[in-house]
Amino acid sequence: MTKRPNLNSLTRTELADALAEHKQPAFRTDQVLDWLWKKRVRTIDEMTNLPAKLRQVLNEEFSMTPPSPVGVLKSSDTTQKALFKLKDGRYVESVLIPASQALYGEKSDRLTLCVSSQVGCAYGCKFCASGLAGFTRNLDPDEIAGQVVEVERATGQRVNNMVFMGMGEPLANIKNLLRALELITQPWGIGIGARHLTISTSGLVPQIKKLADHPQQIRLAISLHGATDEVRNKIMPVNKKWGVDELFDALHYWNERKKQRLTLEYILIQGINDSEKDAKILAQKAKGLGAKVNLIPYNTVEGLEWIRPSDDHCRRFKNILMNAGVTATLRTEKGHDIDAACGQLRLKKETEEGIIESPV
Ligand code: SF4
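Q: It is not clear to me how the overall build of the chain should be interpreted in this structure. Could you clarify?
A: Counting its regular elements, the chain contains 11 helices and 14 strands. Residue pairs at least 24 apart in sequence account for 67% of intrachain contacts in the chain once pairs closer than 6 positions are excluded.

As structure tokens, then:
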């Protein structure tokens, strides 16, 4: 793998500094940014209004290795899942959820892209395909932002909403995530408003506080899946490091600094976290935060034993929350027929190619 920095991981200031070192006029910065983020070329040689000498210098000092789309799977409900090959031969997935499809059980008029932030994941949540083969590496900023560019290129559509809920724990890659947020939100970059980005975390307390102090009004979703230590310890190893009380303290800290309402994600798993008592505790905690709850009936993952509760049971769970005055949605099925649960496509591909041994 090349050691040259990636040209489209640079912020505007860094690019301006790099060009100034080569005594380039100030307008070159905007020219290069225009090629990278508006015209979206894949190589430096395509930047035809730059002097040949400058293109040569940029080629010597920087690389451009955008994720290459390998295939797009279309679900019958119009959700699309894209598989990308990265510069080191690894794979990640993104899921495109079209406008007019229900997001979090609500109708959305936005085109939402769910992106990955790592190859694999170290957090090992017991219901998740991404954690099955462990952690491989963090995605670079250009690989995170590049998922938007390449999906837009492949579909001809403009993404205007993003969720960081694909493969990986975004807050375990916070340095690259923050840089990617700049590439994605700035007008010289992709230009999606910060309020249209939702970062999802399994509950990394110090990083939640760090992100709370970040000036942009991004949204936060917590993969909660259990409102007590007893339940959470069973399914989310991260809870042994930062328990429920500590997590909720961090969420109150977040609330003091951000305007947008928090979302609590809750996968309903039969016999694990779906009792009436679970619902009542969850209702009380969500109410204390003013958070909305997104209930997701468990999606079968090959090799895992968990069971999805019946639709009636899920509705009863939701009603307990609603009756307690909590805004709750029950996610309508999306992408079930293309295994949209994050990480499954990548596992299949890397197993076929012998990059990883079959984890299940
Ligand atoms: S749910 Fe998120 S944090 Fe947990 S193993 Fe899967 S990708 Fe990692």
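After that view, the rundown keeps rolling.
Q: For this particular structure, what's the right way to read the sheet that holds strand β11 (residues 219-223)?
A: Sheet strands associate in pairs through backbone hydrogen bonding, adopting either a parallel or an antiparallel arrangement. Strand order in the open sheet made by the 10 strands is β1-β2-β3-β6-β9-β10-β11-β12-β13-β14, with mixed pairing throughout. Since the sheet does not close on itself, it has two edges, and those belong to β1 (68-74) and β14 (328-330), each with one partner. Adjacent strand axes in the sheet meet at a mean angle of 20°, parallel and antiparallel pairs treated alike. Sheet topology note: the strand β10 (residues 197-201)/β11 ladder contains four bridges and is parallel. Residue pairing in the sheet places isoleucine 199 in a bridge with leucine 220 of β11. Most of the contacts of helix α10 (residues 311-323) go to β14, to which it runs at about 170°, and overall it touches β12 (263-268), β13 (292-297) and β14.

Q: Just checking my understanding: could you explain unusual backbone geometry for this structure?
A: Trans is the common state for peptide bonds, and a negative phi is the common state for residues other than glycine. Look at lysine 23: it is not a glycine, yet its phi comes out positive at around 60°. Secondary-structure assignment places lysine 23 in the loop between α1 (12-21) and α2 (27-38). Positive phi outside glycine occurs at arginine 40, with the angle close to 60°. C-beta crowding within 10 Å serves as the criterion here: with 17 such atoms nearby, arginine 40 is assigned to the partly exposed category.

Q: What's the story with α10 in this structure? I'm lost.
A: Counting along an α-helix, one turn takes 3.6 residues, and residues three or four places apart therefore face a common direction. With 13 residues, α10 ought to run about 18 Å at 1.5 Å a step, and its terminal C-alpha atoms sit 18 Å apart, in line with that. Residues of α10 that are buried include every one of Phe317, Lys318 and Leu321, and no others. Buried positions in α10, seen along its axis, are confined to an arc of 95° and lie on one side of it. Opposite the buried face of α10, by more than 90 degrees, sit the exposed residues Asp312, Arg315 and Asn323. Buried residues along α10 sit in contact with β12, α9 (276-289), β13 and β14. Directly beyond the C-terminal end of α10, a positive phi value near 90° is found at glycine 325.

Q: How do you make sense of the nonpolar core when you look at a structure like this?
A: Val148, Met162, Ile184, Tyr266 and Val293 are the most contacted members of the largest nonpolar core, which has 97 residues in total. The element contributing the most residues to this core is helix α5 (residues 174-185), with six residues. Of the domains in this structure, domain 1 (7-61) and domain 2 (68-352) are the two that each give at least three residues to this core. Setting aside anything within four residues of it in sequence, one finds methionine 162 in contact with Thr112, Leu113, Val115, Val148, Ile184, Ile192, His196 and Leu197.

Q: Would you mind going over the packing of helix α4 (residues 141-155) against α5 with me for this structure?
A: The description of two helices packed together rests on the angle between their axes and the distance between the axes. Axis separation between α4 and α5 bottoms out at 8 Å; the angle between their running directions is 40°. Overall, the two elements α4 and α5 adopt an arrangement that is oblique. As α4 runs across α5, the sense of the crossing is right-handed. Together, Pro141, Ile144, Ala145 and Val148 of α4 and Asn176, Leu177, Arg179, Ala180, Leu183 and Ile184 of α5 make up the contact between the two elements. Here the contact of α4 with α5 is composed, by residue class, of eight nonpolar, one polar and one charged.

Q: Can you walk me through the environment of isoleucine 208 in this structure?
A: The residue isoleucine 208 is located in helix α6 (residues 205-212) in this model. Apart from residues no more than four positions distant in its own chain, isoleucine 208 is found in contact with Leu171, Thr201, Ala250 and Trp254.

Q: Help me understand the packing of α1 against α2 in this model?
A: Remark: α1 packs on α2, axes separated minimally by 9 Å, with the N-to-C direction vectors making an angle of 125°. The pairing of α1 with α2 is recorded here as oblique in orientation. When you trace α1 past α2, the crossing you get is right-handed. Contact residues: α1 offers Arg12, Leu15, Ala16 and Leu19, while α2 offers Arg28, Thr29, Val32 and Leu33. Of the residues that constitute the contact of α1 with α2, the class distribution is five nonpolar, one polar and two charged.

Q: I'm lost on the pairing of strand β2 (residues 80-85) in this one. Help?
A: Sheet faces and side chains relate simply in a regular strand, where the side chains alternate between the two faces. For β1 and β2, the ladder comprises six bridges, and the chain directions are antiparallel. Bridged to leucine 73 within β2 is lysine 81. Relative to strand β3 (residues 91-97), β2 runs antiparallel, the two sharing six bridges. Bridge pairing in β3 links alanine 82 to serine 94. A loop of five residues connects β2 with β3, the two strands running antiparallel in sequence, and glycine 89 in this loop sits at a positive phi of about 85°.

Thresholds, definitions, all that
- Residues numbered from 1 in each chain as written.
- Predicted model: local features only at pLDDT ≥ 70, side-chain atom pairs only at ≥ 80, totals over all residues.
- Helix = DSSP H or I, 4+ residues; strand = E, 2+ residues; numbered from the N terminus.
- Contact = placed C-beta atoms within 7 Å.
- Pairing = 2+ DSSP bridges.
- Axes fitted to C-alpha atoms, helices over the stretch in contact; angles between N-to-C directions.
- Buried ≥ 20, exposed ≤ 12 C-beta atoms within 10 Å, placed from the backbone.
- Expected span 1.5 Å × (residues − 1).
- Arc of directions from axis to C-beta.
- Core = buried A, V, L, I, M, F, W, Y, C linked by C-beta atoms within 7 Å.
- Domains from an automatic or database assignment.
- Parallel < 35°, antiparallel > 145°, perpendicular 65-115°, else oblique.
- Left-handed = near helix turned anticlockwise from the far one by under 90°.
- Nonpolar A, V, L, I, M, F, W, Y, C, P; charged D, E, K, R; others polar.

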